[in-house]
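# Results of the structural survey
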Amino acid sequence: GRRVDVLFTDIVMPSGINGIELARRAREMRPGLRVVLTSGYAETLLTERGLVSDLPVLVKPYRLTELAQTIRGTAPE
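The rules behind these values
- Residues numbered from 1 in each chain as written.
- Predicted model: local features only at pLDDT ≥ 70, side-chain atom pairs only at ≥ 80, totals over all residues.
- Heavy atoms only, no water.
- Helix = DSSP H or I, 4+ residues; strand = E, 2+ residues; numbered from the N terminus.
- Buried < 20%, exposed > 50% of the residue type's maximum accessible area, 1.4 Å probe, protein only.
- Contact = heavy atoms within 4.5 Å.
- Phe/Tyr/Trp six-rings, centres within 6.5 Å; stacked < 30°, edge-to-face > 60°.
- Core = buried A, V, L, I, M, F, W, Y, C linked by side-chain atoms within 4.5 Å.
- Arc of directions from axis to C-beta.
- Polar contact = N/O pair within 3.5 Å; in protein donor to acceptor, adjacent residues only side chain to side chain.

## Observations concerning the overall build of the protein chain
Assigned secondary structure in the protein chain consists of three helices and three strands. Ordered by position from the N terminus, the helices and strands of the protein chain form the series β-α-β-α-β-α. The buried share of the protein chain, taken over its 77 residues, is 30%. The contacts in the protein chain between residues at least 6 apart in sequence include a share of 54% that link residues at least 24 apart.

## A look at the environment of R27
By the secondary structure assignment, R27 is in helix α1 (residues 19-29). On the accessibility criterion, R27 (33% relative accessible area) is partly exposed. Through-space distance from the C-alpha of R27 to that of L7 is 9.6 Å; in sequence the pair is 20 residues apart. Ignoring anything within four residues of it in the chain, the contact list for R27 reads L33, R34, V35 and L55.

## Here we look at the packing of aromatic side chains
According to the stated counting rule, one finds one aromatic pair in the structure shown. Where F8 meets Y62, the ring centres are 6.2 Å apart and the plane angle is 85°; that geometry is what we call edge-to-face. Here F8, found in strand β1 (residues 6-10), pairs with Y62, found in the loop between β3 (57-59) and α3 (64-73); they are 54 residues apart in sequence, far enough to count as distant. The partly exposed category is assigned to Y62, whose relative accessible area is 27%.

## Some words on the nonpolar core
Grouped together as the largest cluster of nonpolar side chains are nine residues: L7, I11, I20, A23, A26, L33, V35, L37 and L55. Broken down by secondary-structure element, the contributors of at least two residues to this core are α1 and β2 (34-39). When neighbours within four sequence positions are excluded, L33 is seen to be in contact with V4, D5, V6, L7, A26 and R27.

## Details of α1
Restricting attention to buried positions, one finds in α1 the residues G19, I20, A23 and A26. For α1, the angular spread of buried residues about the axis comes to 125°, placing them on one side. Across α1 from its buried face, at more than 90 degrees, point the exposed residues E28 and M29. At the N-terminal boundary of α1, the capping side chain belongs to N18, with an oxygen 2.9 Å from the backbone nitrogen of I20.

This is the structure:
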C-alpha cells in the first residue's frame with residue numbers, strides 16, 4: 001500500500017528479466033509511473049543486445065547530481 005514515486009533500476013539484471021521489461025510490467029500495474037534506468041554498459045552494447053528504450057538511461061559511473069537531475073526530469077507535467 002505504499003506510494004512509489006519512481007522506479008530506478010539497472011537494465012541488466014541476473015534474474016532473467018531486464019530493467020526495461022521490469023519497467024513495462026510496473027507501468028502495467030501503475031500507469032504513469034516514472035522510470036529511470038541505469039547501466040554500466042556502453043549505449044552501443046545495449047542497442048546491440050536489442051535493449052532499446054525511450055526511457056531515460058544513466059550510464060555508470062554517474063554523479064549523484066546527475067541522478068537527481070534525471071529524476072527531476074521525469075517529473076509528470
